[in-house]
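Below are the chains, spelled out letter by letter.
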Amino acid sequence: MEGSLTIKVYSRQGCHLCDIAIGTLKEYIEKKVEISIELKVIDIDLDQELKNKFNDLVPVIFIEDELFDYYGVNIEKFENKLNKFI
């Protein structure tokens, strides 16, 4: 695998599902040496438009601006989806 990908997590402070998803993604990214993955965490409460859009869905995860999943991350499903971008 070569290249670079951006993963965005729309999140909020105090969201335990967000914390779990972000932790899972960070662990996965640390183990992936074949590809550069940038993890961007975006607090929806700082932007009313994002809050309106994602309020009850966080964490919302995007891979390269394509929706991956809501509410959390299944790492096997994530890896399968990630491979399509590489």
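Residues numbered from 1 in each chain as written. Predicted model: local features only at pLDDT ≥ 70, side-chain atom pairs only at ≥ 80, totals over all residues. Heavy atoms only, no water.

Enquirer: Would you mind going over the overall build of the protein chain with me for this structure?
Expert: Each helix and strand in the protein chain was counted, giving three helices and four strands. Starting at the N terminus and ending at the C terminus, the protein chain contains elements arranged as β-α-β-α-β-β-α. Compactness check: the protein chain gives a C-alpha radius of gyration of 13 Å against a globular reference of 12 Å for 86 residues, within 12% of the reference. Counting only C-alpha atoms, the protein chain reaches 35 × 20 × 20 Å along its principal axes. Within the protein chain, buried positions represent 38% of all 86 residues. Sequence separation of 24 or more characterises 64% of the internal contacts of the protein chain that already satisfy a separation of 6 or more. By element, 45% of the accessible surface of the protein chain is carried by carbon and sulfur atoms, the whole surface being about 5400 Å². Within the protein chain, one finds 11 positive and 17 negative side-chain charges whose respective centroids are separated by 2 Å. (Helix = DSSP H or I, 4+ residues; strand = E, 2+ residues; numbered from the N terminus. Rg over C-alpha atoms; globule rule 2.2 N^0.38 Å. Buried < 20%, exposed > 50% of the residue type's maximum accessible area, 1.4 Å probe, protein only. Contact = heavy atoms within 4.5 Å. Areas by Shrake-Rupley, 256 points an atom, 1.4 Å probe, with all protein chains shown as cover. Lys, Arg positive; Asp, Glu negative; His and termini not counted. Charge placed at Lys NZ, Arg CZ, Asp CG, Glu CD.)

Enquirer: Just checking my understanding: could you explain helix α1 (residues 16–31) for this structure?
Expert: Three- or four-residue spacings in an α-helix give side chains the same orientation, since the helix completes a turn every 3.6 residues. The end-to-end C-alpha distance of α1 is 23 Å, a good match for the 22 Å that 16 residues give at a rise of 1.5 Å each. All of the buried residues along α1 are Cys18, Ala21, Ile22, Leu25, Tyr28 and Ile29. The buried side chains of α1 occupy one side of the element, clustering within an arc of 130° when seen end-on. Set apart from the buried face of α1 by more than 90 degrees, the exposed residues are His16, Asp19, Ile20, Glu30 and Lys31. (Expected span 1.5 Å × (residues − 1). Arc of directions from axis to C-beta.)

Enquirer: What should I look at first to understand the packing of α1 against helix α3 (residues 75–83) in this one?
Expert: Each pair of packed helices gets described by two things: the angle between the helix axes and the distance between those axes. Direction vectors running N to C along α1 and α3 enclose 55°, while the axes themselves pass 11 Å from each other. In terms of their interaxial angle, α1 and α3 are classed as oblique. Crossing hand, α1 versus α3: right-handed. Residues Thr24, Leu25 and Tyr28 of α1 form the contact with α3, whose own contacting residues are Ile75, Phe78, Glu79 and Leu82. (Axes fitted to C-alpha atoms, helices over the stretch in contact; angles between N-to-C directions. Parallel < 35°, antiparallel > 145°, perpendicular 65-115°, else oblique. Left-handed = near helix turned anticlockwise from the far one by under 90°.)

Without other data, these values stay purely geometric and don't point to any function.
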